[in-house]
Amino acid sequence: MRHITVLALMFLISGPASAEKVETLQGTAFKGSDIVYTEDHTARFSDQGRVLEASTVYKDPSGKVIAEIRSDFSKSLSAPAHDFKDLRFKQRYGIRHEGEKVIMYVQEGEEPEQTKIITNDEKKALLVGCQGLAYYFKDNLEDLKKAKLVPILFLIPGRLETYNFELVYKNTDANGLAVFEIHIKNWLLRLFAPKLTLHYDTIKGRLTKYEGLSNLYDDKKQMQNVKIDYIYPN
């Protein structure tokens, strides 16, 4: 029951004088006052502002790389094709798009890859995987605010499982900071983390904070709750 991959990453700084843009940011994940890991994000956008691909490198407090992920948004914004590698546990997992099929896969060490296809019934909710939700916010913020409540299906390829959540818009303060909560409908996950919280800057169009389940295990390969603050170059 892992890899909620809610969690986030985004946007700002322009790259070279070409039509495309490259943006970077860093996330710092805390437990209490202790830093548990950092995230270095890089994303490439088209000249129309649509995200094309993204990558994230995760480091422990000593600076050692412990995991990495690469995402391709050409087939889906909210559930992009991606490949995640946890170097600590020699685990690899992700999502592939093959025609109309959305396929989750996981591989443990040298074991054969295991897969699961998302059914048509499951596709009736908003499919969300890895870095997708943060970029979906960027392009659909006003619709999400108007809808108030959006059913979503989180794809957890590391477990070959899916979970039904509800994305709920709470409010926007005078500084343009919008708060969204993700309510977990699975009772067992809800015992561990009753909700996930996202803070989104509607003026600058970027995620600023996330609180809830991490998409990384702790060092004992157990689920963990974290608070992530996102820092942008400017």
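Just so you know, these numbers come straight off a predicted model, no measurement behind them.

1. Comments concerning the overall build of the protein chain
Counting its secondary structure elements, the protein chain contains 2 helices and 15 strands. Its C-alpha atoms give the protein chain a radius of gyration of 17 Å, near enough to 17 Å, the size a compact globule of 234 residues would have. In terms of overall dimensions, the protein chain has C-alpha extents of about 50 × 40 × 40 Å along its principal axes. Relative to its full complement of 234 residues, the protein chain shows a buried share of 49%. Restricting the contact set of the protein chain to residue pairs at least 6 apart, pairs at least 24 apart contribute 45%. Accessible surface, the protein chain as shown: approximately 11200 Å² in total, 50% of it carbon and sulfur. Of the side-chain charges in the protein chain, 33 are positive and 32 negative, and the distance between the mean point of each set is 2 Å.

2. Here's the deal with helix α1 (residues 132-147)
Side chains that are three or four residues apart share a direction in an α-helix, a result of its 3.6 residues per turn. With 16 residues, α1 should cover 22 Å at 1.5 Å per step; its first-to-last C-alpha distance of 19 Å lies more than 12% under that length. At N140, α1 shows its maximal bend, which comes to roughly 90°. Three or more residues of α1 are buried, namely G132, L133, A134, Y135, F137, N140, L141, L144 and K145. A positive phi of about 70° marks K148, the residue just after α1.

3. A word on the packing of aromatic side chains
By the definition in use, this model includes 10 aromatic pairs. Counting every residue linked through ring pairs, the aromatic cluster contains Y37, Y58, F84 and Y93. Of note, R206 hangs over the ring of Y232, and the distance from its end group to the ring centre comes to 4.3 Å. Here the guanidinium or amino end of K227 rests over the ring plane of F30, the centre of that ring lying 5.9 Å away.

4. Some points on the environment of K85
The residue K85 is located in strand β5 (residues 81-86) in this model. For K85, a relative accessible area of 34% translates into the label partly exposed. Between the C-alpha atoms of K85 and E68, which are 17 residues apart in sequence, the distance is 5.4 Å. What K85 contacts, discounting residues up to four positions off in sequence, is I66, A67, E68, Q91 and R92.

5. Side note on the pairing of strand β6 (residues 91-98)
On a regular strand, one side chain projects to one face of the sheet and the next to the other, so that they alternate. With 5 bridges joining them, β5 and β6 adopt antiparallel strand pairing. The partner of D83 across the bridge, within β6, is G94. Counting the residues in the hairpin turn of β5 and β6 gives 4 residues, including K90, whose phi is positive at 55°. Summarising the sheet, β6 and strand β7 (residues 101-108) pair through 8 bridges and their orientation is antiparallel. Within β7, the residue paired with R92 across the bridge is Q107. Where β6 folds back on β7, the antiparallel hairpin that results is connected by 2 residues, among which G99 adopts a positive phi of roughly 65°.

Parameters at a glance
Residues numbered from 1 in each chain as written. Predicted model: local features only at pLDDT ≥ 70, side-chain atom pairs only at ≥ 80, totals over all residues. Heavy atoms only, no water. Helix = DSSP H or I, 4+ residues; strand = E, 2+ residues; numbered from the N terminus. Rg over C-alpha atoms; globule rule 2.2 N^0.38 Å. Buried < 20%, exposed > 50% of the residue type's maximum accessible area, 1.4 Å probe, protein only. Contact = heavy atoms within 4.5 Å. Areas by Shrake-Rupley, 256 points an atom, 1.4 Å probe, with all protein chains shown as cover. Lys, Arg positive; Asp, Glu negative; His and termini not counted. Charge placed at Lys NZ, Arg CZ, Asp CG, Glu CD. Expected span 1.5 Å × (residues − 1). Bend = angle between axes of the 7 residues up to and from the residue. Phe/Tyr/Trp six-rings, centres within 6.5 Å; stacked < 30°, edge-to-face > 60°. Lys NZ or Arg CZ within 6 Å of the ring centre and 35° of its normal. Pairing = 2+ DSSP bridges.

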